[in-house]
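Residues per chain, in single letters:
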Amino acid sequence: MKRRFSFLFRQLRRKIVVGVAGPASHQRQAVVGLALLALTEVALLALTFCTNFLSAYIHNTLEIFHDFRLRALHNALAIVSFERSLGIFFEQPLQRWHDAYLGGWGFWNTYYAGVHPAVTVIFLVFILVRMFGWKLTRVNWKRLNEGAQPLSPPPDYAPLAPELSPSAYYASDAASAMVTRASFADMSPAQQYRFLRSVWVLSAWLAFVGFLLVPTMPPRLLSVCDFVNAAGANVGACLTTEFSFVDTIGAHGSLLWDWNDESVKTLNNPYAAFPSQHTIFAAWCAMTWIMLFGPASSTLSLRSPRYWLRAVLRWGSIAYPMVTVYCIVVTANHYISDALAGLVILAISYACVHFYYLFKSRRQSYESVPTLTTTLPY
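Computed from a prediction, not measured in an experiment: that's the story for all the values here.

Draft legend 1. Region of the structure containing the state of the cysteines. Counted under the stated rule, the structure contains one disulfide. A sulfur-sulfur distance of 2.0 Å marks the disulfide that ties Cys225 to Cys238. Between Cys225 and Cys238, the disulfide has an S-S torsion of 85° and is therefore right-handed. Of this pair, Cys225 sits in the loop between α10 (219–222) and α11 (248–252) while Cys238 sits in the loop between α10 and α11, and the two are 13 residues apart along the sequence. Accessibility expressed as a relative area gives 37% for Cys225, which makes it partly exposed.

Listed below in structure tokens is the structure:
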């Protein structure tokens, strides 16, 4: 089934590339093929980034807001009860302590509002550009410009990959698509990108399922009485005697946006708290940096600026999710359980992708598929 789907997808891509670039210009086919890959990847990443907005649209379309609010409140109180039973319900004392001794709400509110998307986008763009940089170095532009014909697959390869039959279209290099080892370090930059992207996409969509099935009122709304959405419905729980959380963005604002902005009221899901996507994305960024660059290089001297730059970035990547978890809790946007659930979801996503690659590498090693060398590896 998977092979059949892959075959149909390759045929569709073949038709699009040849239809746009024409059957005669091999160099143009290379450019169009890479551009098509870029567009599909950017579209996937952009759609995944909008899971919060998509969950808000689904809830507003399919559910009465009053029922939605009651379900979110019920789940929030269940989380509070669960944390109290474990003795980890420290969100209120932590916020009061921070307000008394640290403050700086403008910084923390802006960190919550802006760092979360900005850093994630930077990491996604980095691994995407890194992948395309590697692919471009593998394109033999001279051969394409001379009108070189694509190589035919050997006879024993044809039954396994009929889509690689000779044509004016330069098929993808089988070697660049194969995973000969399950080790991340042994993968090509394109394979590493697909691995990391798959972990991020899967974890984001698992969080989206959580937003749909387990809507949760964040701590900041438990004691709010006068906050309404775009339709004028009350969003908070007004439990002022049981909770004393402060909506720090509502009280102190941020440099980027405010909960009272009409666009935020319309697009945002106020009950998308469980699990915390802030935690998922921050931990993914740290995981990406560590997996790509690993520990300090033994070949660099302690006097080398590159050694200290790598050290700062490495420890910064480890500190980033910790600071993010502190931020989302102290600003009363998430419970600590939301952050823990986010880490669990990221771990599950990583395990799924890892075992998929492990299974794929073992299957390809068992089949001993011969590889092709073409001038257009996309």
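Now that the structure is up, let's keep going.
Draft legend 2. How the structure looks around the nonpolar core. Membership of the largest hydrophobic core comes to 74 residues, with the highest contact counts inside it found for Phe195, Leu196, Met217, Leu222, Tyr271 and Trp284. For this core, the secondary structure elements donating two or more residues are α2 (26–49), α4 (65–86), α6 (105–137), α9 (189–213), α10, α13 (277–293), α14 (305–330) and α15 (336–367). Counting residues per element, this core draws most heavily on α6, at twelve residues. Excluding anything up to four places from it in sequence, Phe195 contacts Phe184, Met187, Met291, Tyr350, Val353, His354 and Tyr357.

Draft legend 3. Layout of the confidence of the model for the protein. For the protein, mean pLDDT is 82; residues scoring 70 or higher make up 79% of the total. The low-confidence segment residues 149–180 (pLDDT under 50) makes 93 contacts with residues lying over four places distant or belonging to another chain. Counting contacts from residues 368–378, a segment whose pLDDT is below 50, to residues more than four positions away or on other chains yields 53 contacts.

Draft legend 4. Looking closely at the layout of surface pockets. The volume enclosed by the second largest pocket comes to roughly 570 Å³. Around the second largest pocket sit 25 residues that line it, and Asn52, Phe53, Trp257, Asn268 and His278 are the ones nearest its centre. If you list the elements that add at least two residues to the lining of the second largest pocket, you get α3 (51–62), α6, α12 (262–267) and α13. Of all the elements, α6 adds the most residues to the lining of the second largest pocket, at four residues.

Draft legend 5. Region of interest: the pattern of salt bridges. Applying the stated criterion to the full structure yields three salt bridges. A salt bridge links Arg197 to Glu41; the nearest nitrogen and oxygen atoms lie 2.9 Å apart. Note that Arg197 is positioned in helix α9 and Glu41 in helix α2, a separation of 156 residues in sequence. The exposure class of Arg197 is buried, given its relative accessible area of 13%. Given the relative accessible area of 8%, Glu41 is considered buried. With a shortest N-O distance of 3.9 Å, Asp247 and Arg220 are connected by a salt bridge. With Asp247 in the loop between α10 and α11 and Arg220 in helix α10, this pair connects stretches of sequence that are 27 residues apart. Take Arg220: its relative accessible area is 3%, and that puts it in the buried class.

Thresholds, definitions, all that
Residues numbered from 1 in each chain as written. Predicted model: local features only at pLDDT ≥ 70, side-chain atom pairs only at ≥ 80, totals over all residues. Heavy atoms only, no water. Disulfide = S-S within 2.5 Å. Helix = DSSP H or I, 4+ residues; strand = E, 2+ residues; numbered from the N terminus. Buried < 20%, exposed > 50% of the residue type's maximum accessible area, 1.4 Å probe, protein only. Core = buried A, V, L, I, M, F, W, Y, C linked by side-chain atoms within 4.5 Å. Contact = heavy atoms within 4.5 Å. pLDDT = per-residue confidence, 0-100. 1 Å grid on protein atoms, 1.4 Å probe; cavity = no way out; pocket = protein on both sides within 12 Å on 5 of 7 lines; lining within 4 Å. Points joined across faces, edges and corners; volume = space filled by probe spheres on them. Salt bridge = Lys/Arg side-chain N within 4 Å of Asp/Glu carboxyl O.

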